[in-house]
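For reference, the chains in residue letters:
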Amino acid sequence: LREPLGAIRRADGVILTRADLIDEKELRRIETKVRAYAPDVLWAEAAVRPTRLFRRTPGGWQTAPFSRLKEESEKLWVPFCGLGNPDNFYKMLEGEGIKTTEGISFPDHTAPDAEGIRRLGEAANEAEGFLTTMKDLVKLRLSAISGKPVLGVAVELRFLREESFFDKA
């Protein structure tokens, strides 16, 4: 955490993201812990869902609906990212039915260096291309690795419960 748990006392509301990746027992354990610090805080649970694909081109950005990957479900992709918890990105792709190799992770807030690009290239021999986060795509500044496309996955937050969270706030 970037702040001590007690900082929740200052919050009017808490939105637990990626709540779809844990079971009900763990959800309730987290909510109970939050409410120990802020009993009256507004509570909501949300999931991160992919919406669009982006690819850098010499003329700008190409974009397509994420559903295009689902339509081509037989194709294999190499996922990579530089996130604090990269497994969330990989689980999201898996949950969407995307066929992937093992994910390749880099330190949070960093783009792959020359060695990282080499590792990615080696992993792509049977793959159609690469999937990464938008955060990582803009840092990478490449449209392809080893001749295979690098696609950024744009996401949106979708509430699972408490859709009236903002009305209450």
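That block above? That's the structure.
Scope of this entry: the structure provided in the associated data block. (Residues numbered from 1 in each chain as written. Predicted model: local features only at pLDDT ≥ 70, side-chain atom pairs only at ≥ 80, totals over all residues. Heavy atoms only, no water.)

### A short note on the pairing of strand E3 (residues 60-65)
Part 1: Pairing of strand E2 (residues 42-57) with E3, which is carried by six bridges, proceeds in the antiparallel orientation. Counterpart to Phe54 in the pairing with E3 is Thr63.
Part 2: In this structure, the hairpin formed by E2 and E3 is closed by a connection of two residues. (Pairing = 2+ DSSP bridges. Helix = DSSP H or I, 4+ residues; strand = E, 2+ residues; numbered from the N terminus.)

### Looking at unusual backbone geometry
Part 1: Phi is positive for His109, which is not a glycine, with a value near 70°.
Part 2: Considering the arrangement of structural elements, one finds His109 in the loop between strand E6 (104-105) and helix H4 (114-123).
Part 3: The phi dihedral of Arg141 is positive, around 60°, even though this residue is not glycine.
Part 4: Mapping Arg141 onto the fold places it in the loop between helix H5 (134-140) and strand E8 (144-145).
Part 5: Accessibility expressed as a relative area gives 62% for Arg141, which makes it exposed. (Buried < 20%, exposed > 50% of the residue type's maximum accessible area, 1.4 Å probe, protein only.)

### A word on the environment of Asp108
Part 1: As for its position among the elements, Asp108 is in the loop between E6 and H4.
Part 2: The exposure class assigned to Asp108 is partly exposed, which follows from its relative accessible area of 31%.
Part 3: For the pair formed by Asp108 and Pro39, sequence separation is 69 residues and the distance between their alpha carbons is 32 Å.

### Section: the side chain of Thr132
Part 1: Here Thr132 shows up in strand E7 (residues 129-133).
Part 2: Setting aside residues no more than four positions away along its own chain, Thr132 makes contact with Phe80, Cys81, Phe89, Leu137, Val150, Leu151, Gly152 and Val153. (Contact = heavy atoms within 4.5 Å.)

### Remarks on the nonpolar core
Part 1: Counting residues in hydrophobic clusters, the biggest one holds 15 residues, and the most contacted among them are Phe66, Leu69, Phe89, Leu93, Ile98, Leu131 and Val153.
Part 2: Sorting the residues of this core by element identifies E2, strand E4 (76-81), helix H3 (86-95) and strand E9 (148-161) as the ones contributing at least two each.
Part 3: A per-element tally of this core places H3 first, with four residues.
Part 4: In this view, Leu131 contacts Leu69, Trp77, Val78, Pro79, Phe80, Phe89, Leu93, Ile98, Leu151 and Val153; residues no more than four positions away in its chain are not counted. (Core = buried A, V, L, I, M, F, W, Y, C linked by side-chain atoms within 4.5 Å.)

### Describing the pattern of salt bridges
Pairing is possible between side chains that carry opposite charge, provided their charged atoms lie close to one another.
Part 1: Enumeration according to the criterion identifies 15 salt bridges in this entry.
Part 2: Where Arg28 meets Glu31, a salt bridge forms, and the shortest distance between an N and an O atom there is 3.1 Å. With Arg28 and Glu31 both in helix H1 (residues 24-37) and three residues apart, this pair spans about one turn of that helix.
Part 3: In this structure, Arg49 and Glu96 form a salt bridge, with 4.0 Å as the shortest nitrogen-oxygen distance. Linking Arg49 in strand E2 with Glu96 in the loop between H3 and strand E5 (99-100), this pair joins segments that are 47 residues apart in sequence.
Part 4: Each member of the salt-bridge network shares a partner with another, and the members are Glu24, Arg28, Glu31, Arg35 and Glu45. (Salt bridge = Lys/Arg side-chain N within 4 Å of Asp/Glu carboxyl O.)

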